[in-house]
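An overview of the molecular structure
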Amino acid sequence: MNSTLNTTFTWGLIGPGKIARQFADAVHRLPGSQLGLVYGRDLAKAEAFAAQWTRNDESGKSAPRFTADLQALLDDATIDAIYIATPHSQHGEAIAACLAANKPVLCEKPLVPHLALGQRVVALARERNVFLMEAVWTRFLPIYRVVQDWLKGGVIGRVTHIQSAFCFTAPYDPNSRLYNPALAGGSVLDLGIYNLTMTRWVLQQALGECPEPLSIQASGVIAPTGVDQRVAATLNFPGGIASQFTCGFDSCADNGLRIFGERGVISVEKSVSAGTEATLLLKGEEAQRVTRPQRFNGFEGEIEEAQTCIRAGLIESPAISHADTLATLGWMDEIRRQLGVRYPFEQGQREAHVPATSTPCRRPDQRPDALSAVGGRARCRCGVAGRRPGAGVSAWHRAGDLRPAAVQAW
Ligand SMILES: NC(=O)c1ccc[n+]([C@@H]2O[C@H](COP(=O)([O-])OP(=O)(O)OC[C@H]3O[C@@H](n4cnc5c(N)ncnc54)[C@H](OP(=O)(O)O)[C@@H]3O)[C@@H](O)[C@H]2O)c1
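The sections below set out a description of the structure shown in this document.

Details of the packing of helix α6 (residues 143-152) against helix α7 (residues 187-207)
With their axes 7 Å apart at the nearest point, α6 and α7 run at an angle of 45 degrees to one another. One finds that α6 runs oblique with respect to α7. Considering how the two elements wind past one another, α6 and α7 form a crossing that is right-handed. Mapping the contact onto sequence places Q148, L151 and K152 in α6 and V202, Q205 and A206 in α7.

Now the structure itself:
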């Protein structure tokens, strides 16, 4: 890695589109971070993108360079890590290229479009011993520190129910990233992932870890292109806890999060986008409202997290672990299965979807009951160690156990 604790952390960027501007803006404003090299398929576009971040002379930051040659980015020794912001369908290929070049990766959500591919890229990160993190920026918004304290402190009592929404209206365009199945469009991958990630986070704070759902029930509206235009889903967890969410491209919503407990309710306004305010309403008491503004545009939290982890030599972030990413991908696979949404690049693959019940082995050639206890640790018949059967928790293979040979076509 180029930088040490005392030098500037230099980012490379793949996919200079809309959201990459937010990332670049935060990097530009963060002391000790800079954008070094922008890769785009179109050189003029990459140049125009890079030119936006050359204005700050006083910061001492050098102007970002630009290229239309991916290999030039991968080979550049001054680049400490690469941020990927291409359409969903292109993430896997870009991640694989970066990891193979030993470049740490922060990749936009969803890490990849489906679980089987997620397992392959995580396996590659572990094989190469290179950092890989899904960029779920909302997890690092300062307001969630407050919510975390309330949940860990058991302030609302036993959590019983979670409700959230993430919707906006996007005019139908079959070629757009949102509606095009070839680009892995659809509302659950684009928006619902925030509701699902937040569900997982809330239960981790309240219970210590997020149990595997006992069942998932999804319904939705399918766009003419075959992707999910709107989804309503409920995840039922042990102990009667349920998480309901709605996401979609054809509706307005408050985009808030509500966590119900036996003694009160926590609400976060605009929780899945720019949440800065949370309210604690306890039975018989006045509502307590707390505000925590973002420092820059909200992306700074995930950027600092990635930088800290990379400098510490980690290959995953404890805040968004590989297991978290894989579990969420499994939930999204199941929701899409129930809605009949299948991407063109999934056709011909063996059926990898499995019931939402605790399912230790996701290899297509293994059955869900294929765990046996070996020396106190669970071991799948495919030979991969997992967690104890019946533990009621997410029991994915440790992805590092999957062989690099499993990294095939993306
Ligand atoms: N964190 C958030 O709040 C947030 C918000 C919106 C989107 N996102 C995520 O960010 C990613 C990008 O979304 P976006 O809205 O920024 O998309 P976008 O504006 O369409 O930008 C994507 C960029 O990827 C490049 N690209 C590479 N292969 C491509 C292909 N086959 N088709 C089209 N573009 C391709 C394009 O740059 P070149 O043509 O120069 O290569 C394009 O500018 C997605 O993963 C999305 O889910 C995150």
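A word on the site of the ligand
Taken together, the neighbourhood of the ligand is formed by 21 residues, with G15, G17, K18, G40 and R41 sitting nearest. Elements represented by at least two residues in the shell around the ligand include exactly α1 (18-29), α2 (43-51) and α4 (88-100). With 3 residues, the single largest contributor to the shell around the ligand is α1. Partitioning the shell around the ligand into residue classes produces 7 nonpolar, 6 polar and 8 charged.

Describing the packing of α4 against helix α5 (residues 115-128)
The contact between α4 and α5 brings their axes to 10 Å, and the two run at 10 degrees. Compared by their axis directions, α4 and α5 come out roughly parallel. Contacts from G92, I95, A96 and L99 in α4 reach L117, V121, L124, A125 and R128 in α5.

A closer look at the nonpolar core
By size, the foremost hydrophobic cluster in this structure holds 113 residues, and its most contacted members are I95, V105, V121 and L132. Residues from two domains meet in this core; each of domain 1 (9-138 + 300-318) and domain 2 (140-291) gives at least three. Excluding residues within four positions of it along the chain, L132 makes contact with I95, L99, V105, V121, V122, A125, I315 and E316.

Describing α1
Over its 12 residues, α1 extends 18 Å from the first C-alpha to the last, a length consistent with the 16 Å expected when each residue adds 1.5 Å. Turning to α1, its buried residues are A20, F23, A24, A26 and V27. All buried residues of α1 lie within an arc of 160 degrees about the axis, which places them on one face of the element. Buried residues belonging to α1 abut β1 (9-14), β2 (33-39), β4 (81-84) and α8 (300-311).

A short note on the sheet that holds strand β13 (residues 277-282)
The sheet built from 8 strands is open, its strands ordered β8-β9-β10-β7-β11-β12-β13-β14 with mixed pairing. The outermost strands of the open sheet, each flanked by one partner alone, are β8 (215-222) and β14 (288-291). Averaged over all pairs of adjacent strands, the angle between strand axes in this sheet comes to 10 degrees, irrespective of strand direction. Across 8 bridges, β8 lies against strand β9 (residues 228-237) in antiparallel orientation. In the sheet register, I222 faces β9, and the bridge partner there is D228. Its contacts with the sheet put α6 on β12 (264-268), β13 and β14, and the angle it makes with β13 is roughly 20 degrees. The strands that helix α9 (residues 322-339) touches are β8 and β9; relative to β8, the one it contacts most, it runs at about 55 degrees.

About the cut-offs
Residues numbered from 1 in each chain as written. Predicted model: local features only at pLDDT ≥ 70, side-chain atom pairs only at ≥ 80, totals over all residues. Axes fitted to C-alpha atoms, helices over the stretch in contact; angles between N-to-C directions. Helix = DSSP H or I, 4+ residues; strand = E, 2+ residues; numbered from the N terminus. Parallel < 35°, antiparallel > 145°, perpendicular 65-115°, else oblique. Left-handed = near helix turned anticlockwise from the far one by under 90°. Contact = placed C-beta atoms within 7 Å. Near = placed C-beta within 6 Å. Nonpolar A, V, L, I, M, F, W, Y, C, P; charged D, E, K, R; others polar. Core = buried A, V, L, I, M, F, W, Y, C linked by C-beta atoms within 7 Å. Buried ≥ 20, exposed ≤ 12 C-beta atoms within 10 Å, placed from the backbone. Domains from an automatic or database assignment. Expected span 1.5 Å × (residues − 1). Arc of directions from axis to C-beta. Pairing = 2+ DSSP bridges.

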